[in-house]
Amino acid sequence: MSTSLNTIEGLAGTVLFPVAAVFSFLNKTWLPLVAFAFILVLGVFLKLRYLPMVAVNEKAVVKKYWFAFGALVMLFIWLLYDGFIR
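Residues numbered from 1 in each chain as written. Predicted model: local features only at pLDDT ≥ 70, side-chain atom pairs only at ≥ 80, totals over all residues. Heavy atoms only, no water.

*Asks:* Let's hear about the overall build of the chain: which residues, and what values?
*Replies:* Looking only at helices and strands, the chain has three helices and zero strands in total. Here the chain has a C-alpha radius of gyration of 17 Å; the compact-globule value for 86 residues is 12 Å, and the former is much larger. Taking the principal axes of the C-alpha coordinates as reference, the chain spans close to 45 × 45 × 15 Å. Considering the chain as a whole, with its 86 residues, one finds that 7% of them fall into the buried category. If you sum the accessible surface of the chain, you get close to 7800 Å²; carbon and sulfur atoms cover 78% of it. (Helix = DSSP H or I, 4+ residues; strand = E, 2+ residues; numbered from the N terminus. Rg over C-alpha atoms; globule rule 2.2 N^0.38 Å. Buried < 20%, exposed > 50% of the residue type's maximum accessible area, 1.4 Å probe, protein only. Areas by Shrake-Rupley, 256 points an atom, 1.4 Å probe, with all protein chains shown as cover.)

*Asks:* Report on the side chain of Ser-24, specifying residues and quantitative values.
*Replies:* Along the polypeptide, Ser-24 turns up in helix H1 (residues 3–27). On the basis of relative accessibility, which here comes to 9%, the residue Ser-24 falls in the buried class. Here Thr-29 takes part through its backbone oxygen, which lies 2.5 Å from a polar atom of the side chain of Ser-24. Non-local contacts of Ser-24, meaning those with residues more than four positions away in its chain, are made with Thr-29, Trp-30, Pro-32 and Leu-33. (Polar contact = N/O pair within 3.5 Å; in protein donor to acceptor, adjacent residues only side chain to side chain. Contact = heavy atoms within 4.5 Å.)

*Asks:* Requested: an account of unusual backbone geometry, with residues and values cited.
*Replies:* One non-glycine residue with positive phi stands out, namely Lys-28, at about 50 degrees. Its place among the elements puts Lys-28 in the loop between H1 and helix H2 (31–50). Overall, the relative accessible area of 75% leaves Lys-28 in the exposed class.

*Asks:* Could you give an account of H2, naming the residues involved and the relevant values?
*Replies:* Here H2 spans 28 Å end to end across 20 residues, near enough to the 28 Å set by a 1.5 Å rise per residue. Within the sequence span of H2, burial applies to Pro-32, Phe-36 and Lys-47. Projected down its long axis, H2 carries its buried residues within an arc of 40 degrees, all on one side. Residues Leu-31, Val-34, Phe-38, Val-41, Leu-48 and Arg-49 are exposed on H2 and point more than 90 degrees away from its buried face. (Expected span 1.5 Å × (residues − 1). Arc of directions from axis to C-beta.)

*Asks:* So, the packing of aromatic side chains: which residues are in play, and what are the values?
*Replies:* Overall, the coordinates contain three aromatic pairs when judged by the stated rule. When the ring of Phe-17 is compared with that of Phe-36, the centres are 5.6 Å apart and the planes differ by 50 degrees; the resulting orientation is tilted. On the criterion of sequence distance, the pair formed by Phe-17 in helix H1 and Phe-36 in helix H2 is long-range, its members being 19 residues apart. Note on Phe-17: relative accessible area 43%, which makes it partly exposed. The exposure class of Phe-36 is buried, given its relative accessible area of 17%. Ring geometry for Trp-66 and Phe-69: centres 5.5 Å apart, planes at 90 degrees, overall edge-to-face. (Phe/Tyr/Trp six-rings, centres within 6.5 Å; stacked < 30°, edge-to-face > 60°.)

Below, the structure written as structure tokens:
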């Protein structure tokens, strides 16, 4: 898939989930979370059904994998520091 569409989808999911959770908590109903899950599944289905796949090279995939792994390690270290040391 195109990088920009994946980025937009990731950001929308990251931002919309907390919004749906807050609305769900404030209204004391599951409807916002169910609607969020439905929209997420529908978006993934439509993306995989109608958007063409693009070729990637192995070096780019490995580079993104190690970047994500490093980000996870940094997050883990930050959470350990914030939870136990501070």
